[in-house]
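A closer look at the structure
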Amino acid sequence: MGLLQPESGLLFWMTLAFGAVFFLVAKFGFPVIVKAIDDRKHYIDSSLDAARKARQQLSEVETEKRMMRMEAEAERADILRTAAEERERMLTEAREQAAGERARLVAEARAEAGAEREAILRDARQQVALLAVAVTEKMLRCELQDKTSQTALAERLLDEIERPKNRTTCTPD
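Just so it is clear, the model here is predicted, and its values are computed rather than measured.

1. Examining the overall build of the protein chain
In terms of helices and strands, the protein chain carries two helices and zero strands. In the protein chain, which comprises 173 residues, the share counted as buried stands at 2%. Of the accessible surface of the protein chain, which amounts to about 15,900 Å², a share of 63% is contributed by carbon and sulfur atoms.

In structure tokens:
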């Protein structure tokens, strides 16, 4: 007989061998395979849970990052605004100080100019007085060389002192 038409003894032994192998595989092989598949299933499930948690955490981190960015931008805007206000305040103070200093310098310059003008006028008056005294002295030396002209001048001066309203001009005698 051939392989296509098995005999009953061969069929019996093949069935018995198949049953024994099936029993051994079912008793010892299938639990290991099922356990490996269950372990793999649990591993995949835990990996998916971990991925979901990671995605959720990433979403939370993104939200947190956006919030921090908005806070940082608000703080930056506040710092820039404060810096601009401080700059304007400092410029205003500097302008006020410069205006005060300018006013003080102008006042000092005017006071100094007034003092110099007074000194110049005082000096000019003194020079005019000295010049008048010198001219008068020279004129009087020329005119008062003799006793009669000295007496006439003295009398004329006494008359002028007594009558201040009637000023007389000096006329040579």
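2. What to know about the packing of aromatic side chains
Under the defined criterion, the tally for this structure stands at three aromatic pairs. Centre to centre, the rings of Phe12 and Trp13 are 5.2 Å apart; their planes meet at 70°, and the pair counts as edge-to-face. Owing to a relative accessible area of 56%, Trp13 belongs among the exposed residues under this scheme. Measuring from ring centre to ring centre gives 6.3 Å for Phe22 and Phe30, while their planes differ by 75°; the resulting arrangement is edge-to-face.

3. Re the pattern of salt bridges
For the coordinates displayed, the defined rule picks out 10 salt bridges. Linking Arg52 and Asp49 is a salt bridge whose minimum nitrogen-to-oxygen distance equals 2.7 Å. Linking Arg52 with Asp49, this pair stays in helix 1 (residues 8-143), spanning three residues, or about one helical turn. On the accessibility criterion, Arg52 (48% relative accessible area) is partly exposed. Note on Asp49: relative accessible area 37%, which makes it partly exposed. Put simply, Arg104 and Glu101 hold a salt bridge, and the shortest N to O gap is 2.2 Å. Pair noted here: Arg104 and Glu101 are both in helix 1, with a separation of three residues, about one helical turn. Through salt bridges with shared partners, a single ionic network connects Asp78, Arg81 and Glu85.

4. Regarding a nonpolar patch on the surface
Taken together, Phe18, Val21, Phe22, Val25, Phe30, Ile33, Val34 and Ile37 make up a surface patch of nonpolar side chains, about 750 Å² in accessible area. You can see Phe30 is positioned in helix 1. Classification of Phe30 as partly exposed rests on a relative accessible area of 37%.

Definitions and cut-offs
- Residues numbered from 1 in each chain as written.
- Predicted model: local features only at pLDDT ≥ 70, side-chain atom pairs only at ≥ 80, totals over all residues.
- Heavy atoms only, no water.
- Helix = DSSP H or I, 4+ residues; strand = E, 2+ residues; numbered from the N terminus.
- Buried < 20%, exposed > 50% of the residue type's maximum accessible area, 1.4 Å probe, protein only.
- Areas by Shrake-Rupley, 256 points an atom, 1.4 Å probe, with all protein chains shown as cover.
- Phe/Tyr/Trp six-rings, centres within 6.5 Å; stacked < 30°, edge-to-face > 60°.
- Salt bridge = Lys/Arg side-chain N within 4 Å of Asp/Glu carboxyl O.
- Patch = residues over 30% accessible without salt bridge, like charges linked within 9 Å, V, L, I, M, F, W, Y side chains within 5 Å.

Geometric descriptors of this kind do not, in isolation, establish any biological role.
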